[in-house]
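Overview (structure and organization)
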Amino acid sequence: MDLATYLNAVTALFVIIDPIGAALIFHSLVPVGDNRHRFVMAAKAALISTLLLVIFGNYGEPLLSRLGISIEALRISGGLLLFFTAFNMITKDIEYNQTNERKDVSVFPMSIPMLAGPGSLTLAILLFSKADSFEGQLSVLAAILSITATTLVLMLLSKYVKLIIGRTGDEILRRFLGVILAALAIQFVADGVTGMIG
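Owing to the predicted nature of the structure, the values given are computational and were not obtained by experimental measurement. Counting starts from 1 at the beginning of each chain's written sequence and moves along it residue by residue. Residues qualify for local features only when their pLDDT is at least 70, as the model is predicted, and side-chain atom pairs are given and counted only at 80 or more; totals for whole chains, interfaces and linings, by contrast, use all residues. The basis for every side-chain value is the complete set of heavy atoms in the structure, and neither hydrogens nor water enter the calculation.

Regarding its fold elements, the chain presents eight helices and zero strands. Reading the chain from its N end, one meets helices and strands in the order α-α-α-α-α-α-α-α. Taken against the 2.2 N^0.38 rule, which gives 16 Å for 198 residues, the C-alpha radius of gyration of the chain at 17 Å falls within 12% of a compact globule. Across its three principal axes, the chain shows a C-alpha extent of roughly 55 × 30 × 30 Å. Counting only residues that meet the buried cut, the chain has 45% of its 198 residues in that class. Only DSSP runs of H or I with at least four residues qualify as helices, and only runs of E with at least two residues qualify as strands; both kinds are numbered from the N terminus onward. The atom set for the radius of gyration is the C-alpha atoms, and the globule formula is 2.2 Å times the number of residues raised to the power 0.38. When a residue's accessible area, from a 1.4 Å probe over protein chains only, is under 20% of the maximum for its type it is buried; when over 50% it is exposed; and in between it is partly exposed.

Have a look at this one:
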């Protein structure tokens, strides 16, 4: 496994998926007392998100190339999309309203758009496209599994995460990660422009 590729992918995925923020939102969407329902929702959300990221990451580029879209164009558009996501992370407020309603939140909003949204799906394609060896591909896959597994654990422990970090801590972390994501987005755009010129 390529450690540098793994660490780069883990960092990028952690920033855009934000497992801590996802856990806090999950906590507000699922009744606190229903442990079985919470486990099923968290497990389904993690599984669906993992499958979407891996499948779209591996087969998204061939699909786009059949549509006549180059990887450089994807890097630029993906970078702009990630920058927009980062801008929202830095500037927008998120409401956490606890619910007692027992409903399926695994697909929407947990998997799509939170864990496997446009930004993370685009990032998965970009990460897999940059990994040109088997070790690199394996490293990106391991990074996706690591982040979704971390998110699953944090969702299952979300009531403790809320007690430890609280809303203020999440606000600080989300805005800090937004700044890092903005820099990552600009790098994707720069790589895409360089690829087109070169």
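Mapped onto the elements, Ser120 comes out in helix H6 (residues 118-130). Residue Ser120 is classed as buried on the basis of its relative accessible area of 3%. Whenever a nitrogen or oxygen atom comes within 3.5 Å of another N or O atom, the pair is scored as a polar contact, on the condition that within protein one atom can donate a hydrogen and the other can accept it, and that pairs from neighbouring residues in sequence are kept only if both atoms are in side chains. Within the structure, Ser120 has its side chain in polar contact with the backbone nitrogen of Gly117 (distance 3.0 Å). Working rule for contacts: check all heavy atoms of both residues, and any pair within 4.5 Å makes them a contact. For Ser120, the residues in contact, after removing those within four places along its chain, are Ile16, Ile17, Leu53 and Leu115.

This part is about the nonpolar core. Grouped together as the largest cluster of nonpolar side chains are 45 residues, with contacts concentrated most on Leu13 and Met110. Going through the elements one at a time, helix H1 (3-17), helix H2 (19-29), helix H3 (35-66), helix H4 (71-91), helix H5 (106-115), H6, helix H7 (134-156) and helix H8 (158-197) are the ones with two or more residues in this core. For this core, the element with the highest residue contribution is H1, accounting for eight residues. If we ignore the near neighbours within four places in the chain, the residues touching Leu13 are Asp18, Leu123, Leu127, Ala143, Ile144 and Ile147. What makes a nonpolar core is a set of buried Ala, Val, Leu, Ile, Met, Phe, Trp, Tyr and Cys residues whose side-chain atoms join them at distances within 4.5 Å. Counting residues in each nonpolar core, the second largest holds five residues, with Ala23, Leu24, Leu154 and Val161 among its members.

Structural elements are reduced to axes, namely lines fitted to C-alpha atoms, with helices fitted over the stretch in contact, and the angle between N-to-C directions of any two is expressed from 0 to 180 degrees. Across the interface, H4 lies against H8 with an axial gap of 7 Å and an inter-helix angle of 165°. For the element pair H4 / H8, the angle class is roughly antiparallel. Judged by the sense of rotation from one axis to the other, the crossing of H4 with H8 is left-handed. Of the residues belonging to the contact of H4 with H8, the class tally is 18 nonpolar, seven polar and five charged. Roughly parallel refers to an angle under 35 degrees, roughly antiparallel to one over 145, roughly perpendicular to one between 65 and 115, and oblique to any angle outside these ranges. Should the near helix be turned anticlockwise from the far one by less than a right angle, the crossing is termed left-handed; should it be turned clockwise, right-handed. Residues were grouped as follows: Ala, Val, Leu, Ile, Met, Phe, Trp, Tyr, Cys and Pro as nonpolar; Asp, Glu, Lys and Arg as charged; and all remaining residues, including Gly, as polar.

With an omega of 10°, the peptide bond running from Phe108 to Pro109 counts as cis. Residue position: Pro109 is located in helix H5. Despite not being glycine, Asp18 has its phi angle at roughly 55°, a positive value. Its location among the elements puts Asp18 in the loop between H1 and H2. On the basis of relative accessibility, which here comes to 7%, the residue Asp18 falls in the buried class.

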